[in-house]
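# Topology and contacts: notes
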Amino acid sequence: MLYAVLSGFVVAALVPWLHWLFRSHIGWVLAVLPASLTVYFASMIPAVSGGEIIFQQWAWFPGMDIHLGFTLDGLSLLFALLISFIGTFVMIYAGGYLKGHPALGRFFVVMLSFMASMLGLVLSDNLIALFVFWELTSITSYLLIGFNHDNEDARKCALQGLFVSVIGGFFLLVGMMLLGIYGGTYSIAELLTDSGDWMSAAPVALIIICVLGGTFTKSAQFPFHFWLPNAMAAPTPVSAYLHSATMVKAGVYLMARLNPAFGEEMLWTLALTGFGAVTMFVGAWLSYTHTDAKKVLAYSTVMALGTLTMLIGIGTHYAMIAFSAFLLGHSLYKGALFMIAGAIDHEAGTKDLSRLGGLRKLMPWTAAAALVAALSLAGVPPLFGFIGKELMLEAALSAGPLQALALTLAVVSAMLTAAIAAVIALKPFYGPRLDTPKKPHEAPLSMLAGPVVLAAVSLLFGLVPGLPETMLVTAAVTAVAGVPLDFYLSLWHGFNLPLLLSAVGLSGGALLFFWWDRSREPLRRLMDRLDRFAPETGYFKALDGIVWLCDWQTRLLQNGKMGNYMIVLVMTTVVVVGYTLAAQHGIRFTLDWQDINFYEMAIVALLMVTAVFATTTRSRLGAVATMGVLGFMVALIFILFSAPDLGITQVLVETLTVILLVLVLFRLPGFARYSTLFEIFRDGFVAVSFGLLMTMLVLATLDARMFEPISSYFIEAAYPEALGRNIVNVILVDFRSLDTLGELFVLGIAALGVYSMLKLRAEKLND
Amino acid sequence: MTDPNKKIMKDNTVILHTAALALLPLQLLFSVFLLLRGHDEPGGGFIAGLVGAGAVVLYLFAHGVDATRRIMRFDPRDLLGIGLFLGTVSAFPALLRGEPFLSAQWWIFDLAGTEIKLSTVLVFDIGVYFAVVGTILTVVVSLTEAEE
Amino acid sequence: METLMAYAIGVLFGCAVYMMLRRSIVKLVIGLIILSNAANLLIFAVSGMTRGAPPLIPEGLQLPEGAVADPLPQALVLTAIVIAFGVLAFSVVLIHRAFEVVETDDLDQMKDTDT
């Protein structure tokens, strides 16, 4: 399985070369990879539907309990198959849709990386590995939404999607760390098997909120639903793949994955059912109000995601079955519908449903596929979508405390969905022929293959519900519910309440469809008025707020005045180190007079006097001369206290320093006084505090000798091992010679820096 | 001092002029002496390098850049390069003997009754010497050139 | 002696910081010199100061006679002195170049020249 996941990345790396080799046929060539992955995963079906869970693990950071562990159970297999199966057709479709696009290679690189990340996400057993793949899908999604990067809108929408999902990802990471800390492992399988043990001690509510923060943003749940329709700025293959069939379901996947652990928690149930139901309704409603085909489909995807979330929240066995069936059905028809919308846009030049009509004769295959897929969306028998919707309504009937809310919203959403399904299937293809920017004709084979096959599968699964049931749904349901369930899917459940509700939904939908044309104008005005309350407005306000905050703190902290930087640095050091010193050691200023000779005192006094003089003098020459005196005093101290090498070095360097200052400093202006009296007092205060701190530090260090000096080894080994009698020199050139070598290079770089600064100027002068 | 174009170097006396000429070889000799005894007595590459550079700087102040360049024969940057090269090269013999990088290697033999100690450490110290001389002279020479 | 040095080091650090906070760029250089001297003395002082016992091994012996001064901080300070000179040379020339380009020696004025 590792190779299955990594193959996507490997092929992605080869794309530029393949693109050069196969030119415009690259879509067909690349589809081979997802197709073979489909076959690979399909070969696992017998084992998995027999109840087996395939688990493989490779160590990644074993020290941190992070492994590349891959699990294949019913749920992962359902997702993995959807990803690779739909991926196959999306690759072919993209090859046709973006034919001749100069950045086609780049598109496929990101697309394949996305596919690999998505597979990694649904197969990972390790939370951290899952998170890495999760973020990879966010990033690849960002790159794909912003694929037309010279379009400002596309960039903005891409950034919005990235912000929302990355902020969610941050919450998710926190949630996963908490899971790892309290659960004692990052392996999902282990967390789920002994969930009872660790959950009693864990802050479950906090974990749930964090995890939902990640999944709700990723799966576009209300109030984060706004980024998904904006993501439609991406090329249509991307919308079909990422933003309907696969990536947006990652959040749903994770919720389903963790459901066995949290399913009993009240917060989990209520949040998922409530937010899911609201999202379902909001999505269906917004979808009805729009006329842009891709927006309509995007909002209906929001509706579907809400439905799925709600079903996980309801958590009954029926809901689990409905979840798996609805998920499968939705991926099939939504992928098809997006590709159809793209085909219409590609051939007719517009995707505004109110401007399309009468295309049936010109695009017969597209029209047929659209009809089948839309019937599945509306939930009309004998399509697979009908089974999903029936089960969903049945599940909503048992929604516990939120039953009334869930049921009402489910029925209303079913009506709206039926209406938009009709709009999508009928508006562009029937009725009078309307003028379009391009002269439409049937889409090429590459763009037809996907919609036709996916629609056909919808029909096939509806007619033979036993096929998906035994192959996929049973195992998936077992994984979500945590226990094996016995059930069968069928079109006919007898005359019961769900069937009645279904009928109500369809007839209501028919009514809404007839009002569609007339309702455009009033709806538009209503939506304009509601805009102020939309969550997206809040997003923009938050963004502006962040920019303002950064602006403000940059002006405050990064104002370019070196004095301010230094004061902040020095005073922070004084406060932090000073506090620690005072707390650990106490403030003591001691002075040991016995130990000091008369001449030493004189040298130290002269040292201090020269330093103070240098700061107070107004003469530049005086200051430079004082530096010389100060340096020689330091050299004297070195020589008096057993450091002849240091003394000699100090004297020589001091001489050179004075020469350097004479060479350069006297070509600069003299000591200017720019400071106000306030600044002098302020800086004086900072300087005195720092000086006191350093004195305290030295005194404290002298009091406390925590470790034996390590130099005894150097003293003992200097002659026997290194054949040198000058131990300081032996340390420099033998024991620690690598340090010295590094230092030489620093010196060399400084010298070359000086040289180039001066040489560059000389060349400038010559010009 | 207020006139930025005023030249600091050339206003020297005859004494300085002559003294610098006489002192240069002596100081260089002294610097080599410091370098070689550095392993056993105060001295070593750093100190010797500073003395050697000081000698050339004194000459530079007395005679000017052109004269200094003429007697030096090397561009100071080449000295810097030689120093870094010797320092790096001294690291490798240890590898040939399978010891860790930079381990000191010694070759001791008698020459006319005197014990001669050759070692990678000495090569390294000579590298330090040249690097220090090169650094200081690069800075000082380019500064004086920039002024002229 | 170390205790007395503690006060001298404090004075040096204080003076260095005060000079580096001045707006005149020339004073910054003086501050830099004092700062490096202060840092060297700090390392030297905290490792203990010994009179008249340089870390040298007399001819004919394998070990120094009696206790000697700690050689390790001396090696550190020795390199620090030379490095400080290199850094000083670099910063002095940099300051000189900056002054030539922006024609002011006021650090607060310099901040506006790169916008």
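Keep in mind that this is a model prediction, so the values were computed, not measured.

Cut-off values and rules
Residues numbered from 1 in each chain as written. Chains lettered and ligands numbered in written order. Predicted model: local features only at pLDDT ≥ 70, side-chain atom pairs only at ≥ 80, totals over all residues. Heavy atoms only, no water. Helix = DSSP H or I, 4+ residues; strand = E, 2+ residues; numbered from the N terminus. Buried < 20%, exposed > 50% of the residue type's maximum accessible area, 1.4 Å probe, protein only. Contact = heavy atoms within 4.5 Å. Areas by Shrake-Rupley, 256 points an atom, 1.4 Å probe, with all protein chains shown as cover. Pairing = 2+ DSSP bridges. Salt bridge = Lys/Arg side-chain N within 4 Å of Asp/Glu carboxyl O. Buried area = accessible area lost by both parts, 1.4 Å probe. Polar contact = N/O pair within 3.5 Å; in protein donor to acceptor, adjacent residues only side chain to side chain. Phe/Tyr/Trp six-rings, centres within 6.5 Å; stacked < 30°, edge-to-face > 60°. Lys NZ or Arg CZ within 6 Å of the ring centre and 35° of its normal. Axes fitted to C-alpha atoms, helices over the stretch in contact; angles between N-to-C directions. Parallel < 35°, antiparallel > 145°, perpendicular 65-115°, else oblique. Left-handed = near helix turned anticlockwise from the far one by under 90°. Nonpolar A, V, L, I, M, F, W, Y, C, P; charged D, E, K, R; others polar. UniProt positions renumbered as here; feature names shortened; annotations may be inferred. Patch = residues over 30% accessible without salt bridge, like charges linked within 9 Å, V, L, I, M, F, W, Y side chains within 5 Å. Expected span 1.5 Å × (residues − 1).

## Quick word on the overall build of chain C
Tallying secondary structure elements over chain C gives four helices and zero strands in all. Listing each helix as α and each strand as β along chain C from the N terminus yields α-α-α-α. Sorting the 115 residues of chain C into buried and exposed places 65% on the buried side. Counting contacts in chain C only where the partners sit at least 6 residues apart, residues at least 24 apart contribute 55% of the total. Summed over all atoms, the accessible surface of chain C reaches about 3,900 Å², with 61% contributed by carbon and sulfur.

## Concerning the overall build of chain A
Counting its regular elements, chain A contains 32 helices and two strands. Sorting the 767 residues of chain A into buried and exposed places 58% on the buried side. Of all intrachain contacts in chain A linking residues separated by at least 6 positions in sequence, the fraction that spans at least 24 positions is 78%. For chain A, the accessible surface area stands at approximately 31,200 Å², while carbon and sulfur atoms represent 69% of it.

## Considerations on the environment of A:Ser7
All names here are of chain A. As for its placement among the helices and strands, Ser7 is situated in helix H1 (residues 2-22). Spatially, the C-alpha atom of Ser7 lies 9.2 Å from that of Leu112, the residues being 105 residues apart in sequence. In this view, Ser7 contacts Leu33 and Leu37; residues no more than four positions away in its chain are not counted.

## Observations regarding the pairing of strand S1 (residues 54-61) of chain A
Across seven bridges, the pairing between S1(A) and strand S2 (residues 66-72) of chain A is antiparallel. Among the inter-strand pairings, A:Gln57 is bridged to a residue of S2(A), identified as A:Gly69.

## A closer look at the pattern of salt bridges
Applying the stated criterion across every chain, the model contains 14 salt bridges over all chains. For the salt bridge of C:Glu59 with A:Arg725, the shortest nitrogen-to-oxygen distance reads 3.8 Å. With C:Glu59 in the loop between helix H2 (25-46) and helix H3 (71-102) and A:Arg725 in the loop between helix H30 (711-722) and helix H31 (727-735), this residue pair bridges two chains. One salt bridge in this structure joins B:Asp75 and B:Arg77, with 3.3 Å as the shortest N-O distance.

## Some thoughts on the interface of chain A and chain C
The partner chain C presents 86 residues to the 96 residues of chain A that form the contact. It is A:Phe641, A:Tyr674 and A:Arg725 that lose the most area in chain A upon contact with chain C, and together they represent 9% of the buried surface on that side. Across the contact surface, chain A and chain C share 14 residue pairs in polar contact (both at pLDDT 80 or more). Within the residue set of the side of chain A that touches chain C, elements represented by two or more residues are helix H25 (562-584), helix H26 (598-616), helix H27 (620-640), helix H28 (644-665), helix H29 (677-703), H30, H31 and helix H32 (737-766) of chain A. Among the elements that make up the side of chain A that touches chain C, the one with the highest residue count is H29(A) (14 residues).

## Brief notes about the packing of aromatic side chains
Counting across every chain of the model gives 21 aromatic pairs over all chains. For the pair A:Phe226 and A:Tyr539, a centre-to-centre distance of 5.4 Å together with 45° between the ring planes defines the contact as tilted. Here A:Phe226 is found in the loop between helix H11 (204-218) and helix H12 (227-230), whereas its partner A:Tyr539 is found in helix H24 (residues 535-557), with 313 residues between them in sequence. Per residue, the accessibility class of A:Phe226 equals that of A:Tyr539, and both read buried. Over the face of the ring belonging to A:Trp134 we find A:Lys218, whose NZ or CZ atom lies 5.2 Å from the ring centre. One cation-aromatic arrangement involves C:Arg22 over C:Tyr18; the distance from NZ or CZ to the ring centre is 4.4 Å.

## Considering the packing of helix H7 (residues 127-145) of chain A against H11(A)
Residue and element names in this part refer to chain A. Running from N to C, H7 and H11 cross one another at 30°; their axes reach a closest spacing of 12 Å. Our classification of the angle between H7 and H11 gives roughly parallel. When the axes of H7 and H11 are compared, the crossing they make is left-handed. Between H7 and H11, the residues in contact are Trp134, Thr137 and Ser138 and Gly214, Thr215 and Lys218, respectively. A class-by-class count of the residues in the contact of H7 with H11 yields one nonpolar, four polar and one charged.

## Some details on the interface of chain A and chain B
Buried accessible area, meaning the area lost when the parts come together, often serves as the stated size of an interface. Taken together, the 40 residues of chain A in the interface contact 47 residues of chain B. Interface of chain A and chain B: buried area, both sides summed, is about 3,800 Å²; carbon and sulfur atoms make up 75% of it. The tally of links from chain A across to chain B stands at one salt bridge. In this assembly, chain A and chain B are joined by nine residue pairs in polar contact (both at pLDDT 80 or more). Mapped by element, the contributors of at least two residues to the side of chain A that touches chain B are H28, H31 and H32 of chain A. Top element by residues in the side of chain A that touches chain B is H32(A). It accounts for 16 residues. In terms of residue class, the side of chain A that touches chain B is made up of 26 nonpolar, seven polar and seven charged.

## Structural notes on the environment of A:Gly578
Residues and elements named next belong to chain A. Note that Gly578 resides in helix H25. For the pair formed by Gly578 and Ser689, sequence separation is 111 residues and the distance between their alpha carbons is 9.4 Å. Look past the residues within four positions of Gly578 in its chain and what remains in contact with it is Thr573 and Leu693.

## Some points on the side chain of A:Thr291
All names here are of chain A. Relative to the helices and strands, Thr291 resides in the loop between helix H15 (266-289) and helix H16 (293-314). Only 3.2 Å separates the side chain of Thr291 from the side chain of Asp352, close enough to count as a polar contact. Ignoring sequence-local partners within four residues, the contact set of Thr291 consists of Val296, Lys351, Asp352, Leu353, Ser354, Trp516 and Arg520.

## Focus on the pairing of S2(A)
Residues and elements named next belong to chain A. A large share of S2 lies buried, amounting to seven of its seven residues. Every second residue of S2 is oriented toward a common face, with Ile66, Leu68, Phe70 and Leu72 on one face and His67, Gly69 and Thr71 on the other, all of them buried. In this antiparallel pair of consecutive strands, S1 and S2, the connection spans four residues, and Asp65 shows a positive phi of 60°.

## A word on unusual backbone geometry
Residue and element names in this part refer to chain A. In this model, Phe222 is joined to Pro223 through a cis peptide bond whose omega is 5°. Position of Pro223 among the secondary structure elements: in the loop between H11 and H12. One non-glycine residue, Ser642, lies in the positive phi region at around 65°. With respect to the secondary-structure elements, Ser642 resides in the loop between H27 and H28.

## Section: the UniProt feature "transmembrane region" (unreviewed entry) in chain C
All names here are of chain C. In the numbering adopted here, UniProt assigns the feature "transmembrane region" (unreviewed entry) to residues 6-21, 28-52 and 72-95. From the first C-alpha to the last, residues 28-52 spans 36 Å; its make-up is 76% helix and 0% strand. The span residues 72-95 is 100% helical and 0% strand by assignment, and the distance between its end C-alpha atoms comes to 34 Å.

## So, a nonpolar patch on the surface
A surface patch of nonpolar side chains, about 510 Å² in accessible area, is lined by A:Leu159, A:Phe163, A:Ile167, A:Phe170, A:Phe171 and A:Val174. For A:Phe170, the location among the structural elements is in helix H8 (residues 152-183).

## Focus: helix H18 (residues 364-378) of chain A
All names here are of chain A. Here H18 is 15 residues long and its end C-alpha atoms lie 21 Å apart, about the 21 Å a rise of 1.5 Å per residue gives. Every buried residue belonging to H18 is among Thr366, Ala367, Ala369, Ala370, Ala373, Ala374, Ser376, Leu377 and Ala378, and all of these are buried. Along its buried surface, H18 packs onto H16, helix H17 (317-348), helix H19 (384-397), helix H20 (403-426), helix H21 (445-463) and helix H23 (497-530). Directly after H18, the chain includes Gly379, whose backbone phi takes a positive value near 85°.

## Remarks on H17(A)
All names here are of chain A. Its 32 residues place the ends of H17 46 Å apart at the C-alpha level, agreeing with the 46 Å of an ideal helix rising 1.5 Å per residue. Most of H17 is tucked away: 29 of the 32 residues are buried. Looking one or two places after H17, you find Gly349, whose phi comes out positive at around 90°.

## Comments concerning the packing of H1(A) against helix H3 (residues 32-42) of chain A
Residues and elements named next belong to chain A. Look at H1 against H3: their axes get within 11 Å of each other, and the N-to-C directions meet at 175°. Between H1 and H3, the crossing angle belongs to the class labelled roughly antiparallel. Along the contact surface, H1 presents Ala4, Ser7, Gly8 and Val11, while H3 presents Leu33, Leu37, Tyr40 and Phe41. Split into classes, the residues belonging to the contact of H1 with H3 amount to six nonpolar, two polar and no charged.

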